[in-house]
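Single-letter residue listing:
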Amino acid sequence: MTKPLFDKHTNFVVKQENPFNGGPPPKLLNRSHTTPTDLFFVRSHGDVPEVDVNSYRLEINGRVAKVLSLSLDEIKNNFEHVTISATLQCAGNRREELMAVKPILKELKWGVDAISHAVWAGVRLRDVLSAAGVESEADSHLHIEFGGLDTTERLNKRFNFGGSIPLSKGFCSEVILAYEMNGEPLPPVHGFPLRAIVPGYIGARSVKWLDRITIQDEPSQNYFQRHAYRLFASDIDPENVKWEEGVMLGEMNVTSVICSHQENEEVDSGTVTIQGYAIAGGGREITRVDVSCDCGATWIQAELLKDSSWAWTLWKASVELKPGKHQLAVRAMDTAINTQPENISQVWNFKGYMNNAWHRVNIEVK
Ligand code: MTE
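Everything in this summary refers to the structure shown in the same document. (Residues numbered from 1 in each chain as written. Predicted model: local features only at pLDDT ≥ 70, side-chain atom pairs only at ≥ 80, totals over all residues. Heavy atoms only, no water.)

### Some thoughts on the pattern of salt bridges
The cut-off we apply is this: The rule for a salt bridge is simple: a side-chain nitrogen of Lys or Arg has to be within 4 Å of a carboxyl oxygen of Asp or Glu. Put simply, DSSP H or I for four residues or longer makes a helix, DSSP E for two residues or longer makes a strand, and each gets a number counted from the N terminus. Using a 1.4 Å probe on the protein chains alone, a residue whose accessible area is under 20% of its type maximum counts as buried, one over 50% counts as exposed, and one in between counts as partly exposed.
Under the defined criterion, the tally for this structure stands at 20 salt bridges. We note a salt bridge from E266 to K366, for which the minimum N-O separation is 3.9 Å. Here E266 is found in strand β16 (residues 265-267), whereas its partner K366 is found in the segment after β23 (359-365), with 100 residues between them in sequence. Relative accessible area serves as the criterion here: at 52%, E266 is assigned to the exposed category. Here D290 ties to R331 by a salt bridge, and the two come within 3.0 Å at their closest N and O atoms. One end of the pair, D290, is in strand β18 (residues 286-292); the other, R331, is in strand β22 (residues 324-334), and 41 residues separate them in sequence.

### Section: the nonpolar core
As a reminder of what qualifies: Note on terminology: a nonpolar core comprises buried Ala, Val, Leu, Ile, Met, Phe, Trp, Tyr and Cys residues joined through side-chain atoms within 4.5 Å.
Within the largest apolar cluster, 73 residues are counted, with the highest numbers of intra-cluster contacts made by I60, W120, F146 and I213. Considering each element in turn, this core owes the most residues, 5 residues, to strand β9 (residues 176-181). The next biggest cluster of nonpolar side chains, apart from the first, holds 22 residues, and it includes V254, V272, I286 and L321.

### Here's the deal with the site of the ligand
Defined as follows: Whether a residue is near a molecule or strand depends on its heavy atoms: if one lies within 4 Å, it is near. Throughout this description, a polar contact denotes any pair of N or O atoms lying within 3.5 Å of each other; where both atoms belong to protein, one of them has to be capable of donating a hydrogen while the other can accept it, and for residues adjacent in sequence the pair is counted only when both atoms sit in side chains. Only the protein chains shown count as covering a residue, and every accessible area follows the Shrake-Rupley method with a 1.4 Å probe. Two kinds of site are reported from a 1 Å grid over the protein atoms alone, namely cavities, where a 1.4 Å probe fits but cannot get out, and pockets, open sets with protein on both sides within 12 Å along at least five of seven lines, and residues are called lining when an atom falls within 4 Å of a point. Molecule-in-pocket calls rest on the fraction of atoms, with more than half required to lie within 2 Å of the cavity or pocket grid points.
Around the ligand, 19 residues are found, and the nearest of them are F41, D150, H190, R195 and K208. With respect to the ligand, the backbone of H45 contributes an N or O atom lying 2.8 Å from an oxygen atom. Taking S206, its main chain carries an N or O atom lying 3.0 Å from a nitrogen atom of the ligand. Within the complex, 100% of the 530 Å² of free accessible area of the ligand lies under protein. Spatially, the ligand is embedded in the largest cavity.

### Structural notes on the sheet that holds strand β4 (residues 68-70)
The line we're drawing: Pairing between strands is defined by DSSP: at least two bridges between the two strands are required. Only C-alpha atoms enter the line fits that serve as axes; for helices the fit covers just the stretch in contact. Angles between N-to-C directions range over 0 to 180 degrees.
Spatial strand order, β4-β3-β12-β7-β8: 5 strands in an open sheet with mixed pairing. Since the sheet does not close on itself, it has two edges, and those belong to β4 and β8 (157-166), each with one partner. When the angles between neighbouring strand axes are averaged without regard to direction, this sheet yields 25°. Taken together, the 3 bridges between strand β3 (residues 58-62) and β4 define a ladder with antiparallel strand orientation. What sits directly across from I60, in β4, is L68.

Such coordinate-based values are descriptive only and should not be taken to indicate function.
This is how it looks when you write it as structure tokens:
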């Protein structure tokens, strides 16, 4: 087997080479709380840009009192170094299940693998914004647009990837500009030399290869905020879509997934340990994970394992299973008592985002 590109693990599953996209096999996904960098999923819309760190600058402009242009060393030396342990999840995670309900065109077929966890280090975004004279209270109605160095083509135009978050989120201490991942400099494929990390939000707002931050009155007009990463009702399709009517995605929703077993897997009868991950959006926490072995007729509570506020919750449950066919299912609940819808048809949308229906896996016990 040849080693995948970008120093990824030999077991890393490449979904697309150009641009490079892929993720870890589900069974390796929750083997450790922190995903090893060589297994961490990659979601890129364009090619990885080559960045000369000697000429690299981060520009902070727009509605600021003072425009800043910072080298990587200035960012590292002028601001407090902070660390955050945070999970990134793509809004397209679990799109494959939606595709089985009704086709979704021109989108990547993510299984349960568009999610990973890392320890990120860098500087707080709010410290950099304060240096540019942005004020958290006076300017709280504004938006922070992140611009990346990578380019991609949509609607016959080539442009740089970008997206925005409300300024109120940008001033939260968990939002950082990261130059390290799992104790090493950020690898090229994950955004070297600098990226935004916006815990609790869909991965698209954690812009990689960051070279521009603009403070502005409106959310970003970038394709990936204006068209993509919006949620539409199930009767909307590419022919009748009015893009401005879609809900602009920000905070993640509550979801949970079974990683230990795959569809149609055969297992031995007796004690079976079922494992997976769960995650809630915003600053919410997972409070409960329920597991069923009979299509949702009865449930047991899983044991929860979590190490920090912005991290996913890993869970496990041991059950006694007799020979025969069983449908495993999992659903989670967060601190706002949000839970997951039972039926996947309730969450189908033509872009294939935010699938948080009960995750179901059929197994055969021998
Ligand atoms: N930033 C840039 N510049 N270009 C991109 O294509 N993809 C986004 C986000 N940041 C993207 C980006 C999406 S959709 C996700 S889910 C995360 O990066 C994935 O981060 P990762 O590749 O480090 O896992």
